[in-house]
Amino acid sequence: MFSDVSENLNEMIYDFHDAENEITDTSDDEFYDAINDKLEVNAEHEKPETEASHYVICDKRQSLSNNITELDKTLKEAELAISYFFNNKFDEARAIVVPHANKSMYHSMGCAVFSFLEAILTFERGHILKAGDELQSCLNVCQKYRRKNTISQSIGKKLRRATYHHLSDVEAHAELCMAETLLLQALLTFTEDETLTSLIKGGVKIRHCYSNYKDCALILSNREWQSQLSKMHFESGVRMGMGTFNLMISLLPASVIKVLQFIGFSGDREAGLEDLQRGYKSPGLRQILCAVVLLGYHLIVCSILDYQGGDLDFSDDILNTQLQKYPRGAWFLFFKGRLEFMRGNLNNAEYWYKMSWRSQNVWPQFHHLSYWELLWVNCLKSDWREASLYASHLVENSKWSLTIYCYQKAAIMLMLLPNLTQNEKQIIDNLMNNAPTYKQRIAGKSLPMEKFVCKKVKRYFSQDKWLCLPAIELMYVWNTFKVLGKHYSVADNIYQIIESKLNELKNIETQNPYDADNMALCLLLRGACFRQMKKTALALEDLKACISLKNAVKDDKYIIAFANVEAALVYADENQIDLAINTLEETK
C-alpha cells in the first residue's frame, strides 16, 4: 500500500515538473493556472474515453441538471418561508422548512434560525442549547453539499489562490449557508456561559465566518453560473454578509479596528452601506434581511453612536415598501414606531408600537421590544404611571437584564414622589434590593449599564432612599434626549421638571455628601436640554457650571465627561469645529 502511495506522489511531482517546463516563459498567474489544469486533468489523460466513460459523463450532466432544478425549487420554498415569517405566519413557515431540514441546507437553516431567534428572545438555557444543536445540524447538512477536493486539487490550491470556476451552483450556495450558520453559531456562543472561553470560541467562529464570506465574494465574481436565479439569490447573501461585517466593524473604536485589520478583518462603513443597499434593491432571498439591517442601523445604531442620527427619509422609503408587502409584519411595524419616535411624533410612535406588539402572539418575547420603547415614549410625555406599567411588564416577563429592568421601574416610580403610597415605597425598596442580585456576565464581561445600576442602587440607600431625577438621568444615558429637539413642547416639559429640581436643591438646608453630584447632574441635564432647544448660550452656561464642579463631585465622575461632550456638540452645532475637536480631545 505504501509503495502505491509513494508511486502516486512521484507521478504528481513529475507532472508538476512537466508543467513547469512547459510554461517557463509565462506570467505567475498563467504558471499556476497551468499547474492546476495539469493536475486536475491528469487522470483524464491517462484514461482513454470508452463507451462506459461516455455514459458516466452523461450521468454527471444529468445529475448536475437535477441538482440545479432541486436548488431552484429549494430557493423558491425558502423565499416563501421568509414571506410567511415576516407576515407573522410562523406555523406556515415552519411547515415548509421542518420536513426537509435533515437533507436540504436552506430548510435546515430555516429551522436553525427559528431556534436561534427563540434563544435570543428568551435567554433561556434550554432554548440556547436547542439552538446550538440545530445550528450544528445545519453545518453538517451544508458540509454534505460542499466541494470535496482531491489530493491533486488540494496541492493546486496550496500553490495559488483558489479558483472557483469548478464549483457547481449547489456547492457555491453551501459555502454561503456555511458562512451564515457560523455567524449565528458565534453569536450564540457569546450567550452560552459567562467565561472568557466563550469569548475566544465565538471570536474564532466569527473569523472563520468572515473568511467564508470573503470566499463567497470571490465565488460571485469568478465563476459562470448555471442558473441566473441561483446567482441572484447568492449575490443577495454576499451583499448582506459583507455589508453587515463592514458596517459592524466600522462602528468599533479606531484602536480595535487596527487590531482587527491586522488579523484580516476590514471595516469600511461606506462600502458596507453600499453592499446592503445593493442587496436591498435586488430581488434576492436576503433582500429583506438587508432591509432589516439598514433599518436597524439608521433607526437604532445611529441614534446611539452618531449624534446627528441616521437617514430617516431613506428608512421611511424602505418601510413604505415593506409594509405594503408585510402589512402585519411585527418587525416592520416595530421599525415604523421607531421611525416616528425618532421624528418626535410620540403619539404616532405609540400607535405603531402597539400595532407591532398586538400583531402576533406566537412569540410573546418579541412584545418586550415594544414594551421597552413604549416605556420611553411615556417617559418623554412625563406619564410616569403609564411608563411604570411597561416597566412592570419587562420585570415580570423578560430575562434580558433583570438588573436594568428592576432599577428602571424603581427609577420611574421615584418620579412620582411625593405622591406614593406606603406600599409603592416598599415595592421600590424591594426592586432596589433585588436589582444587584441579577447582575450577569456576557462572554466573561460585566455589562457596563448593570455596573452603573449597581452604583445607583448604593446611592439610593446611602441618600436615605432618594435619587435625583433618576428616570430623566436614564433617558439621557439611553440617548433619548435626541427626541427632545424634534418638538419644542416635549423638550420644554422635561426642562420644567429639571428646573424645579434645581430650585429644590438650591433651597435644601441639610448637608448631603452627594450635593455636588446631584447639582452637577441637574446642570448636565438642563444644559443638554437647552442644546436640544437650540438655546446654545444657556446650554454652555450650564455645562461650564457643571464642569466647574469637577473637584467637588464625589462619585459620579461620568457627569463631568458627558458635560464636556455636550459642550463640544454645542460648538459643533455652532460650526466651531476646531473648538469642538479640542474639547473632545480634552475629554478623552
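Just above, that's the structure.
Residues numbered from 1 in each chain as written. Predicted model: local features only at pLDDT ≥ 70, side-chain atom pairs only at ≥ 80, totals over all residues. Heavy atoms only, no water.

Q: Got a sec to walk through the overall build of the protein chain? Specific residues and values, please.
A: Each helix and strand in the protein chain was counted, giving 28 helices and two strands. Counting only contacts in the protein chain whose residues sit at least 6 apart along the sequence, the fraction spanning at least 24 positions is 67%. For the protein chain, the exposed area adds up to about 29,000 Å²; of that, 53% sits on carbon and sulfur atoms. (Helix = DSSP H or I, 4+ residues; strand = E, 2+ residues; numbered from the N terminus. Contact = heavy atoms within 4.5 Å. Areas by Shrake-Rupley, 256 points an atom, 1.4 Å probe, with all protein chains shown as cover.)

Q: Explain the environment of Ile494 to me, using residue names and the numbers behind them.
A: Looking at the secondary structure, you find Ile494 in helix H24 (residues 488–506). C-alpha of Ile494 to C-alpha of Arg526: the two residues are 32 residues apart in sequence and 8.8 Å apart in space. Ile494 has contacts with Cys379, Leu380, Ser382, Ile472, Met475 and Leu484, leaving out every residue within four places of it along the chain.

Q: Describe a positive patch on the surface, naming the residues involved and giving the relevant values.
A: Where like charges cluster on the molecular surface, the positive patch consists of Lys439, Arg441, Lys445, Lys451 and Lys458. Here Lys445 lies in strand S2 (residues 445–446). (Patch = residues over 30% accessible without salt bridge, like charges linked within 9 Å, V, L, I, M, F, W, Y side chains within 5 Å. Salt bridge = Lys/Arg side-chain N within 4 Å of Asp/Glu carboxyl O. Lys, Arg positive; Asp, Glu negative; His and termini not counted. Charge placed at Lys NZ, Arg CZ, Asp CG, Glu CD.)

Q: Could you give an account of the nonpolar core, with specific residues and numbers?
A: Counting 167 residues, the largest nonpolar core has Phe341 and Ile472 as the members making the most contacts within it. Of the residues forming this core, the biggest block, twelve residues, is contributed by helix H9 (residues 169–192). (Core = buried A, V, L, I, M, F, W, Y, C linked by side-chain atoms within 4.5 Å. Buried < 20%, exposed > 50% of the residue type's maximum accessible area, 1.4 Å probe, protein only.)

Q: Mind laying out helix H17 (residues 346–358), listing which residues take part and the relevant values?
A: Over its 13 residues, H17 extends 18 Å from the first C-alpha to the last, a length consistent with the 18 Å expected when each residue adds 1.5 Å. Within H17 the residues assigned to the buried category are Leu346, Ala349, Glu350, Tyr353, Ser356 and Trp357. In an axial view of H17, the angular spread of the buried residues amounts to 125°, which keeps them on one side of the axis. The exposed set on the far side of H17, more than 90 degrees from its buried face, consists of Asn347 and Arg358. Packed against the buried residues of H17 are helix H16 (330–342), helix H18 (367–380), helix H19 (384–397) and H24. (Expected span 1.5 Å × (residues − 1). Arc of directions from axis to C-beta.)

Q: I'd love a proper account of the packing of aromatic side chains, names of residues and values included.
A: For the coordinates displayed, the defined rule picks out 29 aromatic pairs. With a centroid separation of 5.2 Å and 75° between ring planes, the pair formed by Trp357 and Tyr371 is classed as edge-to-face. Placement of Trp357 in helix H17 and of Tyr371 in helix H18 is noted, with a sequence separation of 14 residues between them. Taking the relative accessible area as the measure of exposure, Trp357 reaches 17% and is therefore buried. Relative to Trp376, the ring of Trp372 has its centre 5.9 Å away and its plane inclined at 75°; by these criteria the two rings are edge-to-face. (Phe/Tyr/Trp six-rings, centres within 6.5 Å; stacked < 30°, edge-to-face > 60°.)

Q: Can you break down helix H6 (residues 105–122) residue by residue, with the values?
A: Taking 1.5 Å per residue as the helical rise, H6 with its 18 residues ought to reach 26 Å, and the 26 Å between its terminal C-alpha atoms agrees with that figure. One or two positions beyond H6, positive phi appears at Phe123, with a value near 60°.

Q: Go over unusual backbone geometry with me, naming the residues and quoting the values.
A: Here the amide bond leading from Leu417 into Pro418 is cis, since omega sits at 5°, within 30 degrees of zero. We note that Asp464 has phi near 60°; this positive angle belongs to a residue other than glycine. Locating Asp464 in the fold gives a position in the loop between helix H22 (448–462) and helix H23 (470–477). By relative accessible area, which is 67% here, Asp464 ends up exposed. Despite not being glycine, Leu469 has its phi angle at roughly 45°, a positive value. Within the secondary structure, Leu469 is located in the loop between H22 and H23. When its relative accessible area of 3% is taken as the criterion, Leu469 is described as buried.

Q: For the packing of H16 against H17, give the residues involved together with the corresponding values.
A: Between H16 and H17, the least distance of the axes is 8 Å, while the angle of their chain directions is 165°. Considering the angle they form, H16 stands roughly antiparallel to H17. For the element pair H16 and H17, the recorded crossing hand is left-handed. Of the residues in H17, those in contact with Ala330, Leu333, Phe334, Lys336, Gly337, Arg338, Glu340 and Phe341 of H16 are Leu346, Asn348, Ala349, Trp352, Tyr353, Met355 and Ser356. Per-class residue counts for the contact of H16 with H17 are nine nonpolar, three polar and three charged. (Axes fitted to C-alpha atoms, helices over the stretch in contact; angles between N-to-C directions. Parallel < 35°, antiparallel > 145°, perpendicular 65-115°, else oblique. Left-handed = near helix turned anticlockwise from the far one by under 90°. Nonpolar A, V, L, I, M, F, W, Y, C, P; charged D, E, K, R; others polar.)

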